[in-house]
Structures are given as C-alpha cells and as structure tokens.
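Examining the three-dimensional arrangement
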Amino acid sequence: MDNLQFFETLPFIDALKQFFENLRVPVGYIADKPASPNEVLGEYYNLKKEGLEMVDDVYVLGMVDDAAFNQTPSDITTTKQAANLSKDYDGLLLFGVTLKSRPGGLLPTRTHLAEITRAFNRAFPYTPVTVIFQYGQYISLANAERQAYKRESKEGEKVGK
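Each chain has its residues counted from 1, following the order in which its sequence is written. This being a predicted model, a pLDDT of at least 70 is required before a residue's local features are given, and a value of 80 or more before pairs of side-chain atoms are given or counted; all residues contribute to the totals for chains, interfaces and linings. Hydrogen atoms and water are omitted, and side-chain values are computed over all heavy atoms in the structure.

This brings us to the pairing of strand β3 (residues 91-99). Most of β3 sits inside the fold, with 8 of its 9 residues counted as buried. In this scheme, strands are said to pair when DSSP sees at least two bridges between them. A run of H or I in DSSP counts as a helix once it spans at least four residues, and a run of E counts as a strand once it spans at least two, with each numbered from the N terminus. Bridge analysis of strand β2 (residues 55-65) against β3 gives 8 bridges, and the strand direction is antiparallel. Paired with glycine 62 across the bridge in β3 is leucine 94. Relative to strand β4 (residues 129-135), β3 runs parallel, the two sharing 6 bridges. Following the sheet pairing, valine 97 is matched in β4 by phenylalanine 133. Seen with its strands pointing away from the viewer, a crossover is right-handed when the path leading from the first strand over the helix to the second is clockwise. Between the parallel pair β3 and β4, the chain is carried across by helix α7 (residues 110-123), and the sense of this crossover is right-handed. Under the scheme applied here, a residue whose accessible area is under 20% of the maximum for its type counts as buried, over 50% as exposed, and between as partly exposed, the area being computed with a 1.4 Å probe on protein chains only.

This is the structure in structure tokens:
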C-alpha cells in the first residue's frame, strides 16, 4: 500500500473497506449506510461535549473476529447485537466517523477525538472499538485502553485515555 489516495476518490465506506483489504485485515462487514450518532451511541451521545457535536455520519464498518479470519458468517450482524453483548467478546468493532468542520475551519483536537472514541467504547462495554475518523483531507485512527473495573459490582470494562 503506497498511499491512501482512495480516501480522496472513493466514498468513505468504500475507502474504509479498501483500507482494511490493503492491510489484509479480514472484516465481517455490518452496514454500508451511515447511521446517526444518536442511533449508535444512544445515551453516550452527549451534545454538551464539543467533540460529539462534530460527529456527522457514523458507519458501522464491521467486526474483526474469529469468524472474519475463518471467512464464516459472524453472529454479530447489526450494531444493536454488538451493543447488547453481555459478556466479553473476542473481537474488535470498527466504526468510520465523518466529522463536521469546527468554526473557523479549525481541525479537531486530540481531546475531541479522544472524547468521541471514549463515547464509542462506553457504548460497547464488552467489545473493544476502533474508530477511523475522516475530517477534511485527514484520516485518523483511534482506540482506547480498556481494563477491568476494580470493583466486582461493575460490569464491562473501564475505558481509559
């Protein structure tokens, strides 16, 4: 893979697929149509956070899991199924997110991207999430560290920085 020009020439979802194909990462694809941030993040879509105000479209790209590596159909075929998992899942959920411009044409800050990434990871407490952002001519990849809660009364994983 010499460059990432397909992000300039293809629709975002197609560029994402091409990107992971070029990396030879098998993905069990979920959806080609964008979803609203509220639909995907639910209660974690807090418009009081500046980063989340910038989210335009959310693409639920898919899942990297054993099924994808074995080229068999995944049990997870919708965002709702991934969000409703109630035990640790051996896989990685991939999202593509397009961002709106900030006032004055400023780029998002690291804090904005981290805010959005943490919201996605909180919305999917049992499945690690990687977010691929597109804003202007830029592409960024983000994920968050996750660790078990120290208190046994808490389920899922704590999302770090």
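In what follows, salt bridge is the name for a side-chain nitrogen of Lys or Arg lying within 4 Å of a carboxyl oxygen of Asp or Glu. The final tally for this structure, using the stated rule, is 1 salt bridge. Salt-bridge contacts for aspartate 32 lead to lysine 17; the nearest nitrogen and oxygen are separated by 2.6 Å. Separated by 15 residues along the polypeptide, aspartate 32 in the loop between β1 (28-29) and α3 (37-41) and lysine 17 in helix α2 (residues 12-22) bring together distant segments of the chain. You can call aspartate 32 partly exposed: its relative accessible area is 42%.

Turning our attention to the packing of aromatic side chains. Only rings of Phe, Tyr and Trp enter the pairing, Trp through its six-membered ring, and a pair is recorded when the two centres are within 6.5 Å. The plane angle decides the type: under 30 degrees is stacked, over 60 is edge-to-face, the rest tilted. Scanning all chains against the criterion turns up 8 aromatic pairs. Centroid distance phenylalanine 7 to phenylalanine 12: 6.2 Å. Interplanar angle 50°. Geometry classified as tilted. For the pair phenylalanine 7 and phenylalanine 12, one class covers both residues: buried. Seen in terms of ring centroids, phenylalanine 19 and phenylalanine 20 are 5.1 Å apart; in terms of plane orientation they differ by 80°. Their pairing is edge-to-face. The class of phenylalanine 19 is buried, set by a relative accessible area of 8%. Here phenylalanine 20 falls in the buried class, since its relative accessible area comes to 6%. Clustering of aromatic rings is evident, with ring pairs tying together Phe6, Phe7, Phe12, Phe19, Phe20 and Tyr59. Lysine NZ or arginine CZ positioned within 6 Å of the ring centre and within 35 degrees of the ring normal marks a charge as sitting over the ring. Against the face of tyrosine 29 rests lysine 17, its NZ or CZ located 5.0 Å from the ring centre.

Moving on, we come to the layout of surface pockets. Here the term cavity refers to a set of points on a 1 Å grid, laid over the protein atoms alone, in which a 1.4 Å probe fits but cannot get out; the term pocket refers to an open set having protein on both sides within 12 Å along at least five of seven lines, with lining residues being those that place an atom within 4 Å of a point. Grid points are joined across faces, edges and corners, and a volume is the space filled by probe spheres set on the points. Reported here for the largest pocket is a volume of approximately 210 Å³. In this structure, the largest pocket is lined by 15 residues; those nearest its centre are Glu39, Val40, Leu41, Thr79 and Ala83. Amino acids outside the nonpolar list (Ala, Val, Leu, Ile, Met, Phe, Trp, Tyr, Cys, Pro) and the charged list (Asp, Glu, Lys, Arg) are all regarded as polar, and Gly is one of them. A class-by-class count of the residues in the lining of the largest pocket yields 9 nonpolar, 2 polar and 4 charged.

Core analysis: the largest hydrophobic core is formed by 30 residues, its most contacted members being Phe95, Leu99, Phe120 and Phe133. Within the residue set of this core, elements represented by two or more residues are α3, β2, β3, α7 and β4. Sorting elements by how many residues they give to this core places α7 first, with 5 residues. With 14 residues, the next largest nonpolar core counts Phe7, Ile13, Val27 and Leu61 among its residues. What we call a nonpolar core is a set of buried Ala, Val, Leu, Ile, Met, Phe, Trp, Tyr and Cys residues that are connected through their side-chain atoms within 4.5 Å.

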